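Next come the chains, spelled out residue by residue.
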Amino acid sequence: MKKENSRRSFLKNISLATFSALALSGCDMKAIDEFLQLNFRTLSKKEKDKLIKDLEAKYKGKYGKEFNVSAKPAIEGTLFGYALDLSRCIGCRRCVYACVKENNQSREPQIHWIQVLQMEKEKGIDFAHSDVQYNPEKVPEKGHFYLPVQCQQCRNPQCVTVCPVKATWQEPDGIVVVDYNWCIGCRYCMAACPYGARHFNWGEPNVPVEEINTEMHYLGNRPRMKGVVEKCTFCVQRTREGKYPACVEICPVGARKFGNLLDPVSEIRYILENKRVIVLKQELNTQPKFYYFFGI
Amino acid sequence: MNFFRFINGSIKIILRGNKTYYAWLIFLSLLIIWGGFGYLGQLREGLIKSHMRDSVSWAFYIGNFTFLVGVAAAAVMLVIPAYVYNWKPIKEIVIFGELLAVCAVIMCISFIVVDIGNPLRFWHMLPIVGTMNFPSSMLSWDFFVLIAYLFINLFVVTYLLYCIFYKKEYNRKVVLPFVLFSIPMAVAIHTVTAFLYNALPARIFWNSALLAPRFLASAFCSGPAILLILFQILRKTTKFEIKDEAIWRIAELMVYAMFIYLFFTVAELFKEFYSGTEHILYWKYLLFGIGENKEIVVYSWSSIIMGFIAFVLFLIPKTRKNFLTLNIGAVLIYASVYVEKGIALIIPGFTPDVLGQIYVYTPSMTEIRTAAMIFSIGFLLFTFLSKIAIAIVFDDYNIDSLNRDARRERVTNDK
């Protein structure tokens, strides 16, 4: 009888100790909450609102700034498309850095959602002979042209098919997004993407506080964590508010065009109608909504 | 109550052994500690401690995973010839083959866990509590078949050992369907793992229908190699009886597997090099390097040379039936397939990357240490489980001996 008692009190003590240890470290409860957070797509409107509010408070505590995190859904009747004029692009990489800044990409380790490939004019679009590390005094270089590559926002996205946890999906407006809190970091999507558009946070991402963009979207440019995949979202935080993506705005030669494919009088539809467009790796049947064309 | 006594007795068994046994345990423990601290660094700082980057986003870990799936599959497939040729100790072959399969699957899952960026979120992959992307994602298929395979083997081996332990006749009607089912499952785990790579049109190097057949053929080389050596050790140290002929027969079957593997590879190489499209780049990188980048060539050729020597040693009857050369061949083919799956299969899939850029990958110290940790844990587990199984199957470790011990203890206590 006595033995039984001592065992019971031992169990009681140990559970008390565990609970008090958990209660003492308040941040641990937050970590547990985050650990138990469900897939964004399965949350109700109310749950999403609470999540966003908590996030804003968390970021404020972390960076000491006011943040505006949006969870705005796709606008009905929109399907975003992109067109890039290969004859105008000069390979200046301004788009690369505008994107980094707008979308809070990690500076060190460095992440670039846009890769600009320098190609030889004589070879045409030939990835095997292209160079992403080109670094001359002045661009464009003689005998070369430039092919910027970012997420091609495929209609048939391989990355979404292979994801084992449904952490990435195509939104109704055609943008492929990632739930950074649900991604397990297996990188199967990176193996599946034919365009090298997905990037992994190999280490703790690092964005200088003074440079952080506080206008955010939950599925877009909010700060990422170590061990998750990220990608171009057509600047979902901007385009769902009716603005152009940052790369379109910055381009000094106007090579980048963006618009609603469902709007018959949009610029993007004009290009599809009046220019001849190509898509990259068309043989893979990914059906990109990112087109390349020759404007002049 | 009996269960606790069984655990107690089993701990006594795994702690008993000669000097070589203890040296082996210490060796594995040191490797686990050394590797564990390496893995700790990765847990703290992230996968940046590996040499993987966006260009080569899967590498050594996933290669090890693939290799071990092969080992797990082949261990059980060995039951087929054991049955067909009516080798005497078929029950023992089933027990040790399935024990090896269980350990190999546990190692496989460990390699997946260390490879993912957020191991704590592993539960997202489970059905019901998580959002498993079934049936779209081949990775969720793979996870599913691996778990199923693990439980089937665990069940069969535990049930058989349980029956022997309690000196009961095992129920064939219970065991046989599971053993028979585990064989196609063995084929399935390796096929699905091949499909994992095979199903990616973006990765031309893997996008060949021959990938799954090549996987199975190579698995049939590496898996039996371990059992070949294990059977010899068991034969020397226990009452386990297996005839020389059976061992030579395993070696003979391995030669067939090697030949099929060689044939498939030659067929693949012919198609690639004769048609000479841009797809040849990946094989070129693997075999000769591209430009200055030749770091991987040493891996591919060492695998080819080791595999070839093993093939010759197993092919010639005289060297096949000589146990020294046979064992050298077994070690060589094991190493050859390990390098092939660990490096030569994965890396050319990513080099050059999808945009034609070359990032030279070789495993980092952290990756090597983490892999050493997982292998050591797996070997340790296999050693312990085999030791207990040996005691149950061959030595007199059973319910009677436990009762005897208990009685003896009581007598000493009363005194």
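Refer to the preceding data block for the structure.
Rules of the game
- Residues numbered from 1 in each chain as written.
- Chains lettered and ligands numbered in written order.
- Predicted model: local features only at pLDDT ≥ 70, side-chain atom pairs only at ≥ 80, totals over all residues.
- Helix = DSSP H or I, 4+ residues; strand = E, 2+ residues; numbered from the N terminus.
- Rg over C-alpha atoms; globule rule 2.2 N^0.38 Å.
- Contact = placed C-beta atoms within 7 Å.
- Buried ≥ 20, exposed ≤ 12 C-beta atoms within 10 Å, placed from the backbone.
- Nonpolar A, V, L, I, M, F, W, Y, C, P; charged D, E, K, R; others polar.
- Core = buried A, V, L, I, M, F, W, Y, C linked by C-beta atoms within 7 Å.
- Pairing = 2+ DSSP bridges.
- Axes fitted to C-alpha atoms, helices over the stretch in contact; angles between N-to-C directions.
- Parallel < 35°, antiparallel > 145°, perpendicular 65-115°, else oblique.
- Left-handed = near helix turned anticlockwise from the far one by under 90°.
- Expected span 1.5 Å × (residues − 1).

**As for the overall build of chain B**
1) Next: Per the secondary structure count, chain B includes 16 helices and zero strands.
2) Next: Relative to the compact-globule value of 22 Å for 415 residues, chain B shows a C-alpha radius of gyration of 23 Å, a close match.
3) Next: Oriented by its inertia axes, the alpha-carbon framework of chain B measures out at about 80 × 55 × 40 Å.
4) Next: Within chain B, contacts between residues separated by at least 24 positions form 77% of all contacts whose residues are at least 6 apart in sequence.

**Description of the overall build of chain A**
1) Next: In terms of regular secondary structure, chain A is built from nine helices and 12 strands.
2) Next: For chain A, with 296 residues in total, the buried portion stands at 41%.
3) Next: A separation of at least 24 residues holds for 65% of the contacts in chain A among residues at least 6 apart in sequence.

**Section: the interface of chain A and chain B**
1) Next: With 40 residues of chain A in contact, the opposing surface of chain B contributes 38 residues.
2) Next: In terms of residues, the side of chain A that touches chain B owes the most to one element, helix α6 (residues 188-192) of chain A, which gives four residues.
3) Next: Here the side of chain A that touches chain B is composed, by residue class, of 25 nonpolar, 11 polar and four charged.

**Things to note about the nonpolar core**
Residue and element names in this part refer to chain B.
1) Next: Of all hydrophobic cores here, the largest spans 187 residues; its most connected members are Ala72, Ala104 and Cys108.
2) Next: Among the elements that take part in this core, helix α5 (residues 90-115) stands out by supplying 16 residues, more than any other.
3) Next: In contact with Ala72, other than residues within four places in its own chain, are Ala101, Ala104, Val105, Cys108, Tyr149 and Ile189.

**What about the pairing of strand β3 (residues 115-120) of chain A?**
Across a regular strand the side chains alternate sides, sitting on one face of the sheet and then on the other.
All names here are of chain A.
1) Next: With five of its six residues buried, β3 lies for the most part within the structure.
2) Next: With six bridges joining them, β3 and strand β4 (residues 144-149) adopt antiparallel strand pairing. In the sheet register, Glu120 faces β4, and the bridge partner there is His144.

**Description of the packing of helix α8 (residues 211-237) of chain B against helix α9 (residues 244-275) of chain B**
Residue and element names in this part refer to chain B.
1) Next: Running from N to C, α8 and α9 cross one another at 155 degrees; their axes reach a closest spacing of 8 Å. Judged on the interaxial angle alone, α9 and α8 are roughly antiparallel. The chirality of how α8 crosses α9 is left-handed. Contacts between α8 and α9 pair Pro213, Arg214, Ala217, Ser218, Phe220, Cys221, Pro224, Leu228 and Phe231 from the former with Ile247, Ile250, Ala251, Met254, Ala257, Met258, Ile260, Tyr261, Phe264 and Thr265 from the latter.
2) Next: In terms of residue class, the contact of α8 with α9 is built from 16 nonpolar, two polar and one charged.

**Digging into the pairing of strand β12 (residues 290-293) of chain A**
1) Next: Pairing between strand β2 (residues 80-85) of chain A and β12 of chain A: four bridges, direction parallel. Following the sheet pairing, Ala83 of chain A is matched in β12 of chain A by Tyr291 of chain A.

**What to know about the packing of helix α7 (residues 172-198) of chain B against α8 of chain B**
Residue and element names in this part refer to chain B.
1) Next: Running from amino to carboxyl end, α7 crosses α8 at an angle of 135 degrees, the nearest separation of the two axes being 8 Å. When the axes of α7 and α8 are compared, the pair comes out oblique. The interaxial crossing formed by α7 with α8 has right-handed handedness. Of the residues in α8, those touching α7 at Val187, His190, Thr191, Thr193, Ala194, Phe195, Tyr197 and Asn198 are Leu211, Ala212, Phe215, Leu216 and Ala219.
2) Next: By residue class, the composition of the contact of α7 with α8 is nine nonpolar, four polar and no charged.

**A short note on unusual backbone geometry**
1) Next: Put simply, Phe134 of chain B and Pro135 of chain B share a cis peptide bond, and its omega is 5 degrees.
2) Next: For Pro135 of chain B, the position within the fold is in the loop between α5 and α6 (138-165).
3) Next: For the bond running from Thr351 of chain B to Pro352 of chain B, omega is -5 degrees, close enough to zero to count as cis.
4) Next: The topology assignment puts Pro352 of chain B in the loop between α14 (347-350) and α15 (365-393).
5) Next: The phi angle at Arg93 of chain A is positive, at roughly 65 degrees, despite the residue not being glycine.
6) Next: Within the secondary structure, Arg93 of chain A is located in the loop between β2 and α4 (94-102).
7) Next: Residue Arg93 of chain A is classed as partly exposed on the basis of its C-beta count, with 17 C-beta atoms lying within 10 Å.

**Brief notes about helix α2 (residues 19-45) of chain B**
Residue and element names in this part refer to chain B.
1) Next: Across its 27 residues, α2 extends 39 Å between first and last C-alpha, which sits within 8% of the 39 Å expected from 1.5 Å per residue.
2) Next: Elements in contact with the buried residues of α2: α5 and α15.
3) Next: At the exit of α2 stands Gly46, carrying a positive phi of roughly 100 degrees.

**Thoughts on the sheet that holds β12 of chain A**
Residues and elements named next belong to chain A.
1) Next: What the four strands build is an open sheet, ordered β10-β2-β12-β11; its pairing is mixed. At either end of the open sheet lies a strand with only one pairing partner, and these are β10 (256-260) and β11 (277-278).
2) Next: Pairing between β11 and β12: two bridges, direction antiparallel. By the bridge assignment for β12, Val277 is matched with Phe293.

**Remarks on the environment of Pro288 of chain A**
Residue and element names in this part refer to chain A.
1) Next: With respect to the helices, strands and loops of the structure, Pro288 is situated in the loop between β11 and β12.
2) Next: Along the chain, Pro288 and Gln152 lie 136 residues apart, while their C-alpha atoms are 5.2 Å from each other.
3) Next: Setting aside residues up to four positions removed in sequence, Pro288 forms contacts with Gln152, Gln153, Cys154, Val279 and Leu280.

Any functional reading would require information beyond the geometric quantities listed.
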